[in-house]
There are 2 protein chains.
Amino acid sequence: MTQEKVALIGSGNWGSAIAKIVGSNVLQNAEFDKEVRMWVFEEMVDGRKLTEIINNDHENVKYLPGIKLPESIVAVPDLLECVRDATTLIFVVPHQFLKGICKSLLGNIRPDARAISLIKGLDASADGMRLFSQVIADVLNIEVSVLSGANIANEVAEEMFCESTIGSKRKEDGEVFYKLFNTPYFRITVVEDVAGVEICGALKNIVAVGAGFIDGLKLGENTKAAIMRIGLMEMKRFACTFWSGVKEETFYESCGVADLITTCAGGRNRKVAEAHVVTGRSFDELEREMLNGQKLQGTLAAHEVHDYLKAKNMTAEFPLFTRIYQIVYENTPASSIVEGL
Amino acid sequence: MTQEKVALIGSGNWGSAIAKIVGSNVLQNAEFDKEVRMWVFEEMVDGRKLTEIINNDHENVKYLPGIKLPESIVAVPDLLECVRDATTLIFVVPHQFLKGICKSLLGNIRPDARAISLIKGLDASADGMRLFSQVIADVLNIEVSVLSGANIANEVAEEMFCESTIGSKRKEDGEVFYKLFNTPYFRITVVEDVAGVEICGALKNIVAVGAGFIDGLKLGENTKAAIMRIGLMEMKRFACTFWSGVKEETFYESCGVADLITTCAGGRNRKVAEAHVVTGRSFDELEREMLNGQKLQGTLAAHEVHDYLKAKNMTAEFPLFTRIYQIVYENTPASSIVEGL
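Because the structure is a prediction, the values reported are computed rather than measured. (Residues numbered from 1 in each chain as written. Chains lettered and ligands numbered in written order. Predicted model: local features only at pLDDT ≥ 70, side-chain atom pairs only at ≥ 80, totals over all residues. Heavy atoms only, no water.)

### Quick notes on the UniProt feature "domain: Glycerol-3-phosphate dehydrogenase NAD-dependent N-terminal" (unreviewed entry) in chain A
Line of reasoning, step 1. UniProt feature "domain: Glycerol-3-phosphate dehydrogenase NAD-dependent N-terminal" (unreviewed entry): in the numbering of this structure it lies at residues 5-172 of chain A.
Line of reasoning, step 2. Measuring from the first to the last C-alpha atom of residues 5-172 of chain A gives 15 Å, for a span that is 32% helix and 26% strand. (UniProt positions renumbered as here; feature names shortened; annotations may be inferred. Helix = DSSP H or I, 4+ residues; strand = E, 2+ residues; numbered from the N terminus.)

Structure representation (structure tokens):
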């Protein structure tokens, strides 16, 4: 039996939390090679290289401070060294870097490698809309699974119980990924529906913006729950309308209802949207002040989804997504959020 | 065309909020008689009869203060006078009074009356477990629909937007109840699945007790969302296993996922369970102190459901319900809640 050799492409907050799980599981399972190379974009932290810190101190002090990583995790600054001989690739990078990374990998990975994407979002362009798993598959011509769930990285790293969902088209991929990710505190369910799992992770932040408006308007628990439920139904309708093979049950999994609950309870999308209503200030201003200028995923996704629906003349079928777009980008009052639902 | 004549059996917090909606809708729809009699258990408030206060001041000062009721609502202290000639009966009384009320009504209602139950809970006894809609149907031999949703009474009375679900076996009943309850701020969806809708309302409080444990343990948003999701799945499994005709989609309605979100966000079941973990004090003590001795619905339902599952040798299929029972009644530590899920 050939051993699975795992490469982890990414080392941010979520990538490091996942490194802890994957690094521990490979040590406990004979099917896996005992070294997991983790690609680290090299930077200096207090006069030391981040890769050196991770490899000597077994801690990503910059992105996941306070959490020990297993000794199986080996930080490497070179992307191609990271993936050399790997049979299993885990993509967990900010989505804006994905296409460049895939181009660098082309011709430099095993052609039979299997991949899994932990990246949230949708790739929207003039041609239409693609899932990031599809972007990877299109460039590298490999099979790509996805993982998504109610998984705040720091809580996972502290081993607080949660669940997550893996979507895999091929049964053997699902089995390998289950062994790689499942732990008693990080409970994996595998489903066949790749698109459904990934779309949940991409669209939940739009709903969280809506939930933030409700919080800002102080409309109470009934209304917030109604917006979350209607949002979940629009996520489902969007997925079922534009991708084939999406299953209704996927939205009952951790990637669906549970992640939506977590995202609408806390989270930056909810918070900034609430502040927008309470203070009357623009999203641009609030992003500068509250997020050091980082852009919210929810407002961006609302824009991409709206452009896509408008081009298809289908905004009327998604009244909540459309209204959230109008509130963010067209100065429609937030108090109109419940109209026409 | 004969007009529908509506009788409202009950006048507590939720009954009064519903009186506002129903009383307003009958005035706007020619199909309904313009008088809705509301049965009020007579009591004295500041030296005046409650029925007199309601009929003169159009406000239930005791159970829904600050909210005006439509003039169509006529409070009557006599149950049989309330239901005389009524074609539509709305049951919204505390469940412990239901059987006595049904016995009084037997032979005193129109045999072709249709009914709807807004009562939460399950009727558990040595014979097994019945829905309250079934209790009403068994005694009175009439068709009984149900209404349940993410509907905190005071928020509904203040016209904050929310949704609710009606389960009706007969299409014509669903149509009448839709016209009677739907408003722009109280949005009704009618489904055929009576049992599914009612079971959601009965079991959600068990899950809320579990959510309260998580809050008390400070286990974070991931874990709470996981418990809520697993709870929703056990609600679904319980309904689908023990009642026929239950539909998976019902749990996506307001009565399912939305009511669960509302109940696990606030609510007395969650609060007292949290206090149990934080203070280490017994539920009995906390109920005396926090609820003036009223009993929690969630712990009671956990007991009834556990007895039922145990008799059927099926506790293993419902690990979360079982663990919540053990924590409440068998001194199992709350921190064990995530084990064995």
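Structure shown, so let's carry the discussion forward.
### Brief notes about the relation of the copies chain A and chain B
Line of reasoning, step 1. Of the transformation superimposing chain A on chain B, the axial component is 0.0 Å and the angular component is 180°, with the fit at an RMSD of 0.0 Å. Such values leave the two copies arranged in the relation of a two-fold axis.
Line of reasoning, step 2. The residues that chain A uses at the interface reappear at the interface of chain B in 100% of cases, marking a shared surface. (Least-squares fit on C-alpha atoms with pLDDT ≥ 70 in both. Contact = heavy atoms within 4.5 Å.)

### Some words on the packing of helix 8 (residues 194-217) of chain B against helix 11 (residues 268-279) of chain B
Residues and elements named next belong to chain B.
Line of reasoning, step 1. For the pair helix 8 and helix 11, the least separation of the axes is 7 Å and the interaxial angle reads 40°. In terms of axis orientation, helix 8 runs oblique to helix 11. Crossing of helix 8 against helix 11: the hand is right-handed. Contacts from Asn205, Ala208, Val209, Ala211, Gly212, Phe213, Asp215, Gly216 and Leu217 of helix 8 reach helix 11 at Asn269, Arg270, Ala273, Glu274, His276, Val277 and Val278. (Axes fitted to C-alpha atoms, helices over the stretch in contact; angles between N-to-C directions. Parallel < 35°, antiparallel > 145°, perpendicular 65-115°, else oblique. Left-handed = near helix turned anticlockwise from the far one by under 90°.)

### A look at the pairing of strand 1 (residues 6-9) of chain B
All names here are of chain B.
Line of reasoning, step 1. Of the two faces of strand 1, the one holding Val6 and Leu8 and the one holding Ala7 and Ile9 are both buried throughout.
Line of reasoning, step 2. Where strand 1 lies against strand 6 (residues 88-91), 4 bridges are found, and the strand directions are parallel. Within strand 6, the residue paired with alanine 7 across the bridge is leucine 89.
Line of reasoning, step 3. The pairing of strand 1 with strand 2 (residues 36-39) spans 3 bridges and is classified as parallel. Looking across to strand 2, one finds that isoleucine 9 is bridged to tryptophan 39.
Line of reasoning, step 4. Assessed by its sense of winding, the connection that carries the chain from strand 1 through helix 1 (residues 13-28) to strand 2 is right-handed. (Buried < 20%, exposed > 50% of the residue type's maximum accessible area, 1.4 Å probe, protein only. Pairing = 2+ DSSP bridges. Right-handed = clockwise from strand over helix to strand, strands pointing away.)

### Regarding the sheet that holds strand 7 (residues 114-117) of chain B
Strand pairing in a sheet relies on backbone hydrogen bonds, with the paired strands running either antiparallel or parallel.
Residues and elements named next belong to chain B.
Line of reasoning, step 1. Spatial ordering of the open sheet is given by 5-2-1-6-7-10-11-12, a layout of 8 strands whose pairing is mixed. This sheet does not close on itself; its edge strands, each paired only once, are strand 5 (73-76) and strand 12 (186-191). On average, each strand axis in the sheet is inclined to that of its neighbour by 25°, with strand direction left out of account.
Line of reasoning, step 2. Relative to strand 12, strand 11 (residues 162-167) runs parallel, the two being bridged by 6 bridges. Note that in strand 12 the partner of threonine 165 across the bridge is threonine 189.
Line of reasoning, step 3. Lying on the sheet, helix 4 (residues 98-105) is in contact with strand 1, strand 2 and strand 6; it crosses strand 6 at an angle near 160°.

### A few points about the domain arrangement of chain A
Residues and elements named next belong to chain A.
Line of reasoning, step 1. Domain parsing of chain A yields domain 1 (4-192) and domain 2 (196-336).
Line of reasoning, step 2. One C-alpha centre belongs to domain 1, the other to domain 2, and the line joining them spans 26 Å.
Line of reasoning, step 3. Residue-level contacts link 22 residues of domain 1 with 19 residues of domain 2.
Line of reasoning, step 4. By the criterion of area lost to domain 2, the three top residues of domain 1 are Leu122, Met129 and Leu131, representing 30% of everything that side buries.
Line of reasoning, step 5. On inspection of domain 1 and its partner domain 2, the count reaches 0 salt bridges.
Line of reasoning, step 6. On the surface where domain 1 and domain 2 come into contact, there are 6 residue pairs in polar contact (both at pLDDT 80 or more).
Line of reasoning, step 7. Within the residue set of the side of domain 1 that touches domain 2, elements represented by two or more residues are strand 8 (122-125), strand 9 (128-131), helix 5 (132-140), strand 10 (143-148), strand 11 (162-167) and strand 12 (186-191).
Line of reasoning, step 8. Per-element accounting of the side of domain 1 that touches domain 2 gives the leading share, 4 residues, to strand 11. (Domains from an automatic or database assignment. Buried area = accessible area lost by both parts, 1.4 Å probe. Salt bridge = Lys/Arg side-chain N within 4 Å of Asp/Glu carboxyl O. Polar contact = N/O pair within 3.5 Å; in protein donor to acceptor, adjacent residues only side chain to side chain.)

### Observations concerning the side chain of asparagine 222 of chain B
Line of reasoning, step 1. Along the polypeptide, asparagine 222 of chain B turns up in helix 9 (residues 220-242).
Line of reasoning, step 2. Owing to a relative accessible area of 0%, asparagine 222 of chain B belongs among the buried residues under this scheme.
Line of reasoning, step 3. Once residues lying within four places of it in the same chain are set aside, the contact partners of asparagine 222 of chain B are Ala150, Asn151, Ile152, Glu155, Val156, Phe161, Cys162 and Thr262 of chain A.

### Structural notes on the interface of chain A and chain B
Line of reasoning, step 1. Every contact between the two is made by 37 residues of chain A and, on the other side, 37 residues of chain B.
Line of reasoning, step 2. Summing the contributions of chain A and of chain B, the shared interface buries around 3,200 Å²; its carbon and sulfur component is 59%.
Line of reasoning, step 3. Along the contact surface separating chain A from chain B lie 4 salt bridges.
Line of reasoning, step 4. One salt bridge in this structure joins arginine 229 of chain A and glutamate 253 of chain B, with 3.7 Å as the shortest N-O distance.
Line of reasoning, step 5. Joining chain A to chain B, the criterion identifies 19 residue pairs in polar contact (both at pLDDT 80 or more).
Line of reasoning, step 6. Elements represented by at least two residues in the side of chain A that touches chain B include exactly helix 6 (153-157), strand 11, helix 9 (220-242) and helix 10 (254-265) of chain A.
Line of reasoning, step 7. With 12 residues, the top contributor of residues to the side of chain A that touches chain B is helix 9 of chain A.

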